[in-house]
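Residue-level structural notes
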Amino acid sequence: MFSEATPKLLQAICEETGWQVGLIWRVDVNSQVLCSGGLWHRTSDDQQEWDRLYEQYSFRKGEGLPGRVWEARTPLWIKNLASDPSFPRQPVAAQLGLQGGFAFPIPFHDEILGVMEFFSEQVRKPDTDLLQMMLTAGRQIGLAMERWRSEENLRESEERYRIVGDTATDGIFTIDQEDVIRYANPSAERIFGYGSGELLGKLLTDLIPERYRSRHLDGIRHYSETETPRIGWSGVTLPGLQRSGQEIPLELSFGVYKKRNGEFFFTGIARDISERVRTEKEKAMLLESEKAARLEATLANEAKDQFLATLSHEMRTPMTAILGWSRMLAVGGLDEETLAMAVDAIQKSAKAQAQLIEDVLDVSRIVAGKVTLEERSVRLPTVIQSAVDMIMPSVEEKRISLVTHIDASVPPILGDQTRLQQILWNLVGNAVKFTPEEGQIEVRLDRGGTSARVQVRDSGQGMDKDFLPHVFERFRQAEQSTTRSYGGLGLGLAIVKHLVELHGGSISADSEGPGKGSTFTVLLPVDRAVTRAVTGNPSGAREAQVENAIFSDLTGVRALVVDDDSETRTLVDTVLSRCGAEVDHAADAETALQLVDENDYDVVISDIAMPRKDGFFLIEKIRSRDKNLGSHLPCLALTASAIGKARELTLAAGFDDYRRKPIEPVDLALVVRQIAQRSRKHR
């Protein structure tokens, strides 16, 4: 550095020319003054005094000998310091025994970089040759000072760049024309999963997914040949490839510089935007959820208004017949045939109105969670036959062909016979209602795995595919207009669904479309034993249900429960353990993945919304693992999401089944048993 070299330079000049003291003053560009830049004197006895005196001075243009040389840009000689009125340091010079002196500028092109001063203990006459020689030397020193200054600026710049690179949170890397990484800061190493210094010498293509590599190399080649980029180099979003092989979303910006020899270097800044992408995905899901919720609320309000209008119509229609014929009976004078017709009309209207009232009351009980079951051993063939017998008059009236296929080997189930009969009567009655004259209805009972399966199939009106998901909802009917062909409130199937679920079963509907008939399938568990009646509140006391129920046999099943909510983990653990399963649990996706790698599970039950890594991240990793191992680990999504397409999203992500919280213990045990069996089939 220049500051380290100046004492030796001053010493060399002093010893060559016979002067006792040499000083150098450097121009401070910011303050525009000459300040100390170096000092040498022949004797070292007064070193501290020399340094103190030297450090306390600075000069502006025209001030003192250095300032005058700076301003005049030419050497100056003072024969006798004591007699020179423009030398303000006379007292100091006298104290140190200095008599004569001279100074010359240090130029660089049109700029004065500094001034050099020399003093002698003798009065010395001006030496023109010496001044000329020092003027020439000043130019050489100026060149050296500028070079030193440039090197110092370069070192400072490099140090600043190093500090910025080391402390930047974004990854910074530099590659040459051959795609070789010449520099990578710590953040780049962290983003791509490498240790300190491990990226140096590697190819940048190693950090790019294979499908983008040829495009990247073509871009380098194109720029080297044309010095123009093919695409914009600011804020480019591309995936990066970590050392583990996992892809991560990155935002990239590039710059390029060209050396004098024509060689190009490209510098990139990489920002990991995984959290941003995740946030945008969550916002999109929330927006979709909000739209779905608004649509659902709108449809629900419309359905409720339509239901009230339908209720009014359906209640008034039988009431009109009852009041009208009652008045006619009171007036009297009716013949026997008309009298019989009046009584029959009043009875039919009263029954219809009673059924309407009962349906409304049932829905009210369901909403309040007050539907109870009086459970005992029930034979389903008896229930089915009873329902068929009750509906036969209507069947015969429409000349419908109704056939039954009953598997007598289906064992009794635990249930409420009255409510089971209500389920069958509604389903068969619905089939009769929507089947045209001389149509066909088939009622079938058989065994489906661990369940008794009841199917009611008709050749009637059928349903549109868009309506199927809503067929069991309250206030929903396929026909909603005043010109609808069929009466009723549309509450029957909603009541049926709730009663089936109270029995620990499930119901589904299927139709190939309008005019192609419908099929309703009910599954009721045959291995279910309940010690006492349970209430119909699906979101009620889950702990009481668990305490008083034994569900599907899960002996030999090993399950992993993944949920950040400890109460949910405990509940699911308790339900599955009561059924004989061996249960592990994890509070986050990372722990779950570690357990999956270390253990052999039959089923994984996972929440979707979890901190840091969600259920979608977990299923993606599990399915990737399955692909590598050639296996399939059944996974059940258990989520509180209210998004209308939640089921479709989870199944598309790779889950085998989906249940929305809160889930009834009976349903949980049943679905776990069903999908756990798939695991054993793949072994």
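The structure under discussion appears in the preceding block.
So, how was this worked out
Residues numbered from 1 in each chain as written. Predicted model: local features only at pLDDT ≥ 70, side-chain atom pairs only at ≥ 80, totals over all residues. Heavy atoms only, no water. Pairing = 2+ DSSP bridges. Helix = DSSP H or I, 4+ residues; strand = E, 2+ residues; numbered from the N terminus. Axes fitted to C-alpha atoms, helices over the stretch in contact; angles between N-to-C directions. Contact = heavy atoms within 4.5 Å. Buried < 20%, exposed > 50% of the residue type's maximum accessible area, 1.4 Å probe, protein only. Core = buried A, V, L, I, M, F, W, Y, C linked by side-chain atoms within 4.5 Å. Left-handed = near helix turned anticlockwise from the far one by under 90°. Phe/Tyr/Trp six-rings, centres within 6.5 Å; stacked < 30°, edge-to-face > 60°. Lys NZ or Arg CZ within 6 Å of the ring centre and 35° of its normal.

In a beta sheet, neighbouring strands pair by backbone hydrogen bonds and run either parallel or antiparallel. With respect to topology, five strands assemble into an open sheet ordered β2-β1-β5-β4-β3, the strand pairing being antiparallel. Since the sheet does not close on itself, it has two edges, and those belong to β2 (33–41) and β3 (76–78), each with one partner. Here the average twist between neighbouring strands, direction ignored, is 20°. Note that strand β1 (residues 21–28) and β2 share eight bridges and pair antiparallel. Residue pairing for β2: Val21 is matched across the bridge by His41. Packing against the sheet, helix α3 (residues 64–72) makes contact with β1, β2, β3, β4 (100–108) and β5 (111–120), and its axis sits at approximately 140° to β5. In this fold helix α5 (residues 128–167) packs onto β1, β3, β4 and β5, with an angle of close to 45° to the strand it touches most, β4.

Okay, the pairing of β1 next. Extensive coverage of β1 is indicated by the burial of six of its eight residues. Taken together, the six bridges between β1 and β5 define a ladder with antiparallel strand orientation. Directly across from Trp25, in β5, lies its bridge partner Val115. In textbook terms, the turn of a hairpin is the stretch between consecutive antiparallel strands, and for β1 and β2 this stretch comprises four residues, one of which, Gln32, has a positive phi near 55°.

Leu380, Leu420, Ile423, Leu427, Ile441, Val471 and Phe520 are the most contacted members of the largest nonpolar core, which has 44 residues in total. Residue assignment for this core shows that the elements contributing at least two residues are α10 (380–397), α11 (417–434), β14 (440–448), β15 (451–458), α12 (492–502), β16 (506–510) and β17 (518–525). Dropping the residues within four chain positions of it, Ile423 is found in contact with Val496, Leu499 and Val500. Core analysis: the next-biggest nonpolar cluster, separate from the first, contains 41 residues, Trp77, Phe87, Phe102 and Leu113 among them.

At a minimum axis separation of 10 Å, α11 and α12 run at an interaxial angle of 145°. In this structure, the crossing between α11 and α12 has a hand that is left-handed. Touching Arg419, Gln422, Ile423, Asn426, Leu427 and Asn430 of α11 are Gly492, Leu493, Ile495, Val496, Leu499 and Val500, all from α12.

With that settled, the discussion passes to the packing of aromatic side chains. What the rule picks out here adds up to 12 aromatic pairs. Summarising the aromatic geometry, the rings of Tyr223 and Phe266 are spaced 5.6 Å apart at their centres and angled 75° between planes, so their arrangement reads as edge-to-face. Here Tyr223 is found in helix α7 (residues 210–226), whereas its partner Phe266 is found in strand β10 (residues 264–272), with 43 residues between them in sequence. A relative accessible area of 10% places Tyr223 in the buried class. Through a chain of ring-to-ring contacts, the aromatic side chains of Trp19, Trp77, Phe102, Phe104 and Phe118 assemble into a single cluster. Lying over the aromatic face of Trp19, Arg124 brings its terminal NZ or CZ to 4.3 Å of the ring centre. The aromatic ring of Phe617 is capped on one face by Lys613, whose charged end is 4.9 Å from the ring centroid.

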